[in-house]
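# Survey of secondary and tertiary structure
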Amino acid sequence: MSTLDEIYRLHRLLDGRRTGISRAILIGEHDFARSTLTRLIADLRDRLGAPLIHDSERGGYCYDSADGSHALPGLWFTPAELQALVTLKHLLANLEPGLLDDHLRPLQARIDKLLDSNHLGAGEAAQRIRILAAAARQKNLRHFQTIAGAVLQRHRLKIDYYNRERDETSTREISPQRLAHYRDNWYLDAWCHGKKSLRIFAVECIRTATPLGKAAKGIAESTLNRELASAYGIFAGLPVATAVLRFTSKRARWVADEIWHPRQQSRWLEDGRYELTVPYSDDRELLMDILKYGAEVEVVAPAELREAVRNQLDVAAGQYRRDLALGSGSGHEV
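Residues numbered from 1 in each chain as written. Predicted model: local features only at pLDDT ≥ 70, side-chain atom pairs only at ≥ 80, totals over all residues. Heavy atoms only, no water.

Taken in spatial order, the four strands make up an open sheet running E9-E10-E8-E11, and their pairing is antiparallel. In the strand order of this sheet, the two ends are held by strand E9 (265-268) and strand E11 (297-301), each with one partner. Shown here is a sheet whose adjacent strand axes are inclined to one another by a mean of 25 degrees, direction ignored. Strand direction decides the pairing type here: strand E8 (residues 241-247) and strand E10 (residues 274-280), joined by seven bridges, are antiparallel. The partner of Leu245 across the bridge, within E10, is Leu276. Along the sheet face, helix H10 (residues 283-291) touches E8, E10 and E11 and points at about 160 degrees away from the line of E10. (Pairing = 2+ DSSP bridges. Helix = DSSP H or I, 4+ residues; strand = E, 2+ residues; numbered from the N terminus. Axes fitted to C-alpha atoms, helices over the stretch in contact; angles between N-to-C directions. Contact = heavy atoms within 4.5 Å.)

What follows is the structure, given as structure tokens:
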């Protein structure tokens, strides 16, 4: 569909006119490009159902109504545009309040005004469209502004970072490269000077962040993409293996429409199952995504990933076998 502003600009020229307006005037006096005008007329008439006609006796294009008026229905963006707009509003609203200073408040105000405009449904967007944070963790982003500043101003940080897996905190000197918002959580891509390699840090696990008077080490974007964005999920790195997953024909109805990885490959099997192939460097996140499908997915390869999934399922099943040994599905005596 044509751009929102252009459609409504043409609509405002036509709405309420008792006389028509010629194509020549629309092009010459109102600066519509000839090809654009043709597309706008088609959009108004065919997609939005406007009673737009060309009446030579009335002088050109007009609405075929008693008073020349027509109320357009609430007009929506494409799904991708609407998602981008509402997601941006969601991100701005859920950042640390201190980040929405004089620089960002005008941006949020403009988004609010656009979503509240009459042609988007008289303010219904904020109430009728939700961004659900199914996997969001409890946020503690008090250092977000310092981190974002270091990313944009290209200087190093000294951080105290809590590692959940090892349950320990370490001090690092890092050169921030970029921020990533993934599954409703913030991550920092950075060069760790102690480890002498690229690392990904969960922002909510950064306990302290102190700016240093040193320029950040620059890493080429191509290197960041190759080492941090080429494997599955947030546990990025150069791929070390490729997972081959086969989903049941029922589950395939959903999975076939999902993007697990930019370089994934897929095919339908003759028996209706769906085979998905994704590269990965670390199996932790991939394991979680596989296990949530239970019996509706089989890991075909590699053998190490298949064994890891089997071990996890055995441990889970063992908890319920203990209940059966006690003679009760609840684990309590009867």
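That shown, we press on.
Averaged over every residue, the pLDDT of the protein chain is 81; the share at 70 or more is 72%. Ranking the elements of the protein chain by mean pLDDT puts helix H6 (residues 125-128) last with 56 and E11 first with 96. Scored below 50 in pLDDT, residues 330-334 shows three contacts in the model against residues more than four places distant or in partner chains. (pLDDT = per-residue confidence, 0-100.)

Ile147, Ile159, Tyr161, Ile174, Leu188, Phe201 and Ile206 are the most contacted members of the largest nonpolar core, which has 20 residues in total. Put simply, the parts of the chain that give this core at least two residues each are helix H7 (144-153), strand E3 (155-163), strand E5 (185-192), strand E6 (197-202) and strand E7 (206-215). Counting residues per element, this core draws most heavily on H7, which supplies five residues. With near-sequence residues (within four places) excluded, Phe201 lies in contact with Ile159, Tyr161, Arg172, Ile174, Trp186, Tyr187, Leu188, Ala190 and Ile206. One finds Ala243, Leu245, Leu286 and Val309 within the second-largest nonpolar core, a separate group that totals 19 residues. (Core = buried A, V, L, I, M, F, W, Y, C linked by side-chain atoms within 4.5 Å. Buried < 20%, exposed > 50% of the residue type's maximum accessible area, 1.4 Å probe, protein only.)

This part is about helix H8 (residues 221-228). Within H8, the full set of buried residues consists of Thr223, Leu224 and Leu228. Taken down its axis, H8 places every buried residue within 100 degrees of arc, on the same side. Packed against the buried residues of H8 are strand E4 (168-182), E5 and E6. (Arc of directions from axis to C-beta.)

Bringing the sheet that holds E4 into the picture now. In spatial order, the strands read E6-E5-E4-E3-E7; together these five strands make up an open sheet with antiparallel pairing. Strands with a single pairing partner mark the edges of an open sheet, and in this sheet they are E6 and E7. With strand direction ignored, the average angle separating the axes of adjacent strands in the sheet is 45 degrees. Here six bridges tie E3 to E7, and the two strands are oriented antiparallel to one another. Counterpart to His155 in the pairing with E7 is Ala215.

Another point: the environment of Ile147. Relative to the assigned elements, Ile147 resides in helix H7. The exposure class assigned to Ile147 is buried, which follows from its relative accessible area of 0%. In this structure, the C-alpha to C-alpha distance between Ile147 and Leu188, residues 41 residues apart in sequence, is 8.3 Å. Each residue touching Ile147, except ones within four places of it in the same chain, is listed here: Leu157, Leu179, Leu188, Val203, Ile206 and Ala209.

Now for the packing of aromatic side chains. As enumerated under the stated definition, the model contains seven aromatic pairs in all. Both rings, one in Phe247 and one in Trp260, keep their centres 5.8 Å apart while their planes meet at 70 degrees; by these two values the pair is edge-to-face. One end of the pair, Phe247, is in strand E8; the other, Trp260, is in the loop between helix H9 (249-255) and E9, with 13 residues separating them in the sequence. In this structure, Phe247 and Trp260 share a single accessibility class: buried. (Phe/Tyr/Trp six-rings, centres within 6.5 Å; stacked < 30°, edge-to-face > 60°.)

Bringing unusual backbone geometry into the picture now. Cis geometry is found at the peptide bond from Ala301 to Pro302, where omega equals -5 degrees. With respect to the secondary-structure elements, Pro302 resides in the loop between E11 and helix H11 (303-325). For Arg154, which is not glycine, the phi torsion reads 60 degrees and is therefore positive. Relative to the elements of secondary structure, Arg154 occurs in the loop between H7 and E3. The class for Arg154 is partly exposed, based on a relative accessible area of 30%. Although it is not a glycine, Asp167 sits at a positive phi angle of roughly 55 degrees. Locating Asp167 in the fold gives a position in the loop between E3 and E4. For Asp167, a relative accessible area of 57% puts it in the exposed group.

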